[in-house]
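Here are the chains, one letter per residue:
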Amino acid sequence: MTDGTATVADQAMLQDVTIVIVTFNSAHCLPELGRLLAGCPHITVVDNGSDDGCVQAVGQHLPNAQVIALHNNLGFGAANNRALAQLQTPFALLLNPDCEITPQTIVQLLHTAHQWPQAAMVAPQLLQASGAPEVNYRWPHLLWHSRGPAVTDGPACVGFVCGAAMLLRMSAFGGQFFDERFFLYYEDDDLCTRLFNQRQAMVIDPAATATHRSRGSVRGKHPLRSEYIRGYHHAQSKLIYTAKHVNAATARRLRTRLIWQTLLALPVRVVLFSPKLIARMWGRYLGVSRWSQQGLQ
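These numbers come from a predicted model, not from an experiment.

**Student:** Teacher, can you tell me more about the packing of aromatic side chains here?
**Tutor:** Applying the stated rule across the entire model yields 8 aromatic pairs. Geometrically, the ring pair formed by Trp-139 and Trp-144 is tilted, given 5.8 Å between the ring centres and 45° between the ring planes. With a relative accessible area of 31%, Trp-139 lands in the partly exposed category. Overall, Trp-144 belongs to the partly exposed group, its relative accessible area being 39%. Seen in terms of ring centroids, Trp-139 and Phe-196 are 6.4 Å apart; in terms of plane orientation they differ by 70°. Their pairing is edge-to-face. With a gap of 57 residues between them, Trp-139 in the loop between strand 7 (137-138) and strand 8 (156-158) and Phe-196 in helix 6 (residues 187-197) connect regions that are remote in the sequence. Looking at Phe-196, the relative accessible area reads 19%, which means it is buried. Here the aromatic cluster, defined as three or more aromatic residues joined through ring pairs, consists of Trp-139, Trp-144 and Phe-196.

**Student:** When you look at the side chain of Asn-96 in this model, what are you seeing that I'm missing?
**Tutor:** Residue position: Asn-96 is located in the loop between strand 4 (91-95) and strand 5 (99-100). Those residues in contact with Asn-96 that lie beyond four places of it in its chain are Phe-76, Gly-163, Ala-164 and His-212.

**Student:** Is there a simple way to explain the pattern of salt bridges in this structure?
**Tutor:** Close approach of charged atoms lets side chains of opposite charge pair. This model, assessed by the stated rule, comprises 10 salt bridges. Residue Arg-213 pairs with Glu-100 through a salt bridge whose shortest N-O separation is 2.7 Å. Of this pair, Arg-213 sits in the loop between strand 11 (201-212) and helix 7 (223-245) while Glu-100 sits in strand 5, and the two are 113 residues apart along the sequence. Ionic contacts of the salt-bridge type, sharing partners, join the residues Asp-179, Arg-181, Asp-190, Arg-194 and Lys-244 into one network.

**Student:** Where do I start with the pairing of strand 2 (residues 43-48) in this structure?
**Tutor:** In terms of burial, strand 2 is largely enclosed, as 6 of its 6 residues are buried. Burial along strand 2 is two-sided: the residues Ile-43, Val-45 and Asp-47 and Thr-44, Val-46 and Asn-48 are all buried. Inspection of the sheet shows strand 1 (residues 17-23) paired to strand 2 by 5 bridges, in the parallel sense. The partner of Val-22 across the bridge, within strand 2, is Val-46. At this point the chain moves from strand 1, through helix 2 (residues 30-36), to the parallel strand 2, and the crossover so formed is right-handed. Pairing analysis gives 5 bridges linking strand 2 to strand 3 (residues 66-70), with the strands arranged parallel. Following the sheet pairing, Val-46 is matched in strand 3 by Ile-68. Each parallel crossover has a hand, and the one from strand 2 via helix 3 (residues 54-61) to strand 3 is right-handed.

**Student:** Got a minute to help me understand the packing of helix 6 against helix 7 in this structure?
**Tutor:** The axes of two packed helices give the description: the angle between them and the distance between them. The contact between helix 6 and helix 7 brings their axes to 10 Å, and the two run at 15°. Of the possible angle classes, the one that applies to helix 6 and helix 7 is roughly parallel. Seen along the crossing, helix 6 lies across helix 7 with a hand that is right-handed. Contacts between helix 6 and helix 7 involve Asp-189, Asp-190, Thr-193 and Arg-194 on the former and, on the latter, Tyr-241, Lys-244 and His-245. Counted by class, the contact of helix 6 with helix 7 contains 1 nonpolar, 2 polar and 4 charged residues.

**Student:** What exactly am I supposed to notice about unusual backbone geometry here?
**Tutor:** Trans is the prevailing form of peptide bonds, just as negative phi is the prevailing case for residues other than glycine. The phi angle at Asn-25 is positive, at roughly 50°, despite the residue not being glycine. Topologically, Asn-25 is positioned in the loop between strand 1 and helix 2. Of note, Tyr-186 is a non-glycine position whose phi angle comes to about 70°, a positive value. Along the chain, Tyr-186 turns up in the loop between strand 10 (165-169) and helix 6. On the basis of relative accessible area, Tyr-186 is assigned to the buried category, the value being 14%.

**Student:** I'm lost on the environment of Ala-207 in this one. Help?
**Tutor:** Among the secondary structure elements, Ala-207 is positioned in strand 11. Residue Ala-207 is classed as exposed on the basis of its relative accessible area, which comes to 58%. Along the backbone, Ala-207 and Trp-139 are 68 residues apart, and their C-alpha atoms lie at a distance of 20 Å.

Cut-off values and rules
- Residues numbered from 1 in each chain as written.
- Predicted model: local features only at pLDDT ≥ 70, side-chain atom pairs only at ≥ 80, totals over all residues.
- Heavy atoms only, no water.
- Phe/Tyr/Trp six-rings, centres within 6.5 Å; stacked < 30°, edge-to-face > 60°.
- Buried < 20%, exposed > 50% of the residue type's maximum accessible area, 1.4 Å probe, protein only.
- Helix = DSSP H or I, 4+ residues; strand = E, 2+ residues; numbered from the N terminus.
- Contact = heavy atoms within 4.5 Å.
- Salt bridge = Lys/Arg side-chain N within 4 Å of Asp/Glu carboxyl O.
- Pairing = 2+ DSSP bridges.
- Right-handed = clockwise from strand over helix to strand, strands pointing away.
- Axes fitted to C-alpha atoms, helices over the stretch in contact; angles between N-to-C directions.
- Parallel < 35°, antiparallel > 145°, perpendicular 65-115°, else oblique.
- Left-handed = near helix turned anticlockwise from the far one by under 90°.
- Nonpolar A, V, L, I, M, F, W, Y, C, P; charged D, E, K, R; others polar.

Rendered as structure tokens:
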């Protein structure tokens, strides 16, 4: 990746976009983001109550960024909503702290957005740390399974893009962004499903690439607690999504299946002694159990 140097023409285009970064114990990501995004005039960082000095690190590495420091962890979607409600630019680039992108790539996304004015969302091709492409786009899996070769020849309409990096055309959303019932996971599935059902176009541009160091955004003093939280909210969000976009009966059946799958797999993880997987699966079990007590929304 190149550094954050931008040409005069690029700088003019970058005036139209605000980069929104939600952090939670993500201070370790900020030096690289600061280097790459130095040429970007509008950056908003929403910190979800980190205890690793993240807010102070933003001032050091992204000195031009506006910081929204939340006292508690509101979740990914809710934190993004707080920033999006204040935006003044016609575009917003939602960017995970573990996703590395250059100003030149952002400009490429903006060019694509101008080329396809009907697109509500434009996304880059995500790359793994090794340089191999990630599968960060598909069609809505509720309707059919994606098949065929990857997009390589040029921009293409898709039915879902990963929330790690997505350029939003603010005028397409009418002020309605993430459903805050999704604390973590599936908030991007829900957003894209709503856009798809509204016949709003989403475009993937393979000419624009960003490196995604998946699951690298959170570090902290309690890694097992982080794994527990991942399992808990992934399970709950999966059920919330199913109840919302399929029906309550299917969500109930899915809940039963998840409980049995977890109960059968958990002893294996204990025998093989994988603390991270044990913590994640215990979170998964409690996530589906406690969700049932809340009732089907």
